[in-house]
Amino acid sequence: EPSGGRLRSMLGDSFYVAFGSYATLGFSLLINLILVRKLSLANYGLYSVMLSAYAMGTLIFSLGALPIIQRYLPELIARGNRQGAIQLKRIAAGIHLVGSLIIAAICWGFQDQLAAWLNAPEFPGLLPYFFLFLLLKFEASIYEEMLTAHRSQKFRNLALAGFQAAKFALYWLLLPQGGSIETVMLYLVLSNALLLGMMMARAFGLDRDLPAGTDEPLPWRRMIRYGLLRYTTTLTL
């Protein structure tokens with residue numbers, strides 16, 4: 001593409017990345033302020049425990065899919081390897097799905113031990129909400145990276161801002177004073193379902209516009225080696 005068009009495209013992407021980042025941070029701050037005011041100290045602590053359990057679980061069972069998408073999907077798109085790009089996207093989404101199911105199985109099998117370790121006796125009763133939240137949010141994260149690889153920064157960042165705005169509206173308008181942790185988790189599930197639906201529809205829709213140039217097999221050995229290296233590096237930081 002001509003240098004002038006490339007510069008405008010880069011500036012446009014930069015604007016949307018900045019907008020999405022600041023909107024996400026701003027809404028996150030407002031959401032935390034609302035939850036601090038509307039939830040009891042015990043419920044807010046339990047909400048934080050749920051988010052921490054998600055972060056720990058997905059860190060351990062991410063299995064290197066995100067860095068592989070970050071590194072290889074842009075290359076496949078640039079080389080015109082349409083079938084390879086589509087195949088990689090579906091495999092990466094499947095890896096996150098498998099990771100979510102592994103975490104869910106561990107939580108279900110060791111729910112009493114986890115409740116004692118997390119000092120959260122309510123944890124077993126919240127497992128259905130936690131499973132749905134885990135699955136939706138973890139899957140949405142891989143589709144986010146796919147949109148970045150496609151340079152679909154406008155849609156990606158507007159969707160992230162809309163997701164945070166929807167979550168903010170749910171907590172601000174519908175969460176009663178002294179609201180229950182079940183209601184908070186339900187709103188997390190609903191907002192993340194919205195985010196995943198938007199990201200997935202866009203990521204699959206972009207497949208139609210991929211150029212069909214080469215049809216080379218995926219470099220499995222290189223991708224697996226790279227993903228495992230980044231995965232182990234993340235775990236040992």
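Structure: see above.
Anyway, here's the lowdown on the structure attached to this text. The model shown is predicted, which means the values in this text are computed figures rather than measured ones. (Residues numbered from 1 in each chain as written. Predicted model: local features only at pLDDT ≥ 70, side-chain atom pairs only at ≥ 80, totals over all residues. Heavy atoms only, no water.)

### A short note on the nonpolar core
For clarity, the threshold we go by: Nonpolar cores are built from buried Ala, Val, Leu, Ile, Met, Phe, Trp, Tyr and Cys residues. Side-chain atoms within 4.5 Å join them into one set. For each residue, the accessible area found with a 1.4 Å probe, counting protein chains only, is set against the maximum for its type, and the residue is called buried under 20%, exposed over 50%, and partly exposed in between. Only runs of H or I of at least four residues qualify as helices and only runs of E of at least two qualify as strands under DSSP, and these elements are numbered from the N terminus. Note on contacts: a residue pair qualifies if any of its non-hydrogen atoms lie within 4.5 Å across the two residues.
In terms of nonpolar packing, the biggest core is built from 63 residues, with Leu88, Phe123, Met146 and Tyr171 touching the most fellow members. The dominant element in this core, judged by the number of residues it contributes, is helix 6 (residues 127-149), at twelve residues. Apart from residues no more than four positions distant in its own chain, Tyr171 is found in contact with Ile31, Ile34, Leu35, Lys38, Tyr47, Val184, Tyr187 and Leu188.

### Concerning the packing of helix 6 against helix 7 (residues 153-174)
Note the cut-off: To define axes, lines are fitted to C-alpha atoms, for helices over the stretch in contact only, and angles between the resulting N-to-C directions are given on a 0 to 180 degree scale. Our angle categories are set so that under 35 degrees counts as roughly parallel, over 145 as roughly antiparallel, 65 to 115 as roughly perpendicular, and the remainder as oblique. Each residue is assigned to one class: nonpolar for Ala, Val, Leu, Ile, Met, Phe, Trp, Tyr, Cys and Pro, charged for Asp, Glu, Lys and Arg, and polar for all the others, Gly among them.
Interaxial distance between helix 6 and helix 7 falls to 8 Å at its minimum, and their mutual angle equals 150°. One way to sum up the angle between helix 6 and helix 7 is to call them roughly antiparallel. Across the interface between the two elements, Glu144, Leu147 and Thr148 of helix 6 pack against Gln153, Phe155, Arg156 and Leu160 of helix 7. Looking at side-chain class alone, the contact of helix 6 with helix 7 contains three nonpolar, two polar and two charged residues.

### Overview of the pattern of salt bridges
Under the convention used in this document: By salt bridge we mean one thing: a side-chain nitrogen of Lys or Arg within 4 Å of a carboxyl oxygen of Asp or Glu.
Throughout the structure, instances matching the rule amount to six salt bridges. Here Glu216 and Arg79 are joined by a salt bridge, their closest N and O atoms 2.9 Å apart. Here Glu216 is found in the loop between helix 8 (181-205) and helix 9 (220-236), whereas its partner Arg79 is found in the loop between helix 3 (65-78) and helix 4 (82-109), with 137 residues between them in sequence. Look at Glu216 and you get partly exposed, because its relative accessible area is 35%. Of the charged contacts in the structure, one is a salt bridge between Glu144 and Arg156, with a shortest N-O distance of 3.1 Å.

### Comments concerning the environment of Ser100
On the secondary structure map, Ser100 appears in helix 4. With relative accessibility at 2%, the residue Ser100 sits in the buried group. Spatially, the C-alpha atoms of Ser100 and Ala53 are 12 Å apart, while their sequence positions differ by 47 residues. Once residues lying within four places of it in the same chain are set aside, the contact partners of Ser100 are Leu134, Leu135 and Phe138.

### Section: the side chain of Ser191
Note the following rule: Within 3.5 Å is the distance limit for a polar contact, defined as a pair of N or O atoms, with the added protein rule that one can donate a hydrogen and the other accept it, and that residues adjacent in sequence qualify only through two side-chain atoms.
By the element assignment, Ser191 lies in helix 8. Accessibility expressed as a relative area gives 2% for Ser191, which makes it buried. Of the polar contacts made by the side chain of Ser191, one reaches the backbone oxygen of Tyr187; its length is 2.9 Å. If we skip the residues at most four places from it in the chain, Ser191 touches Phe163 and Lys167.

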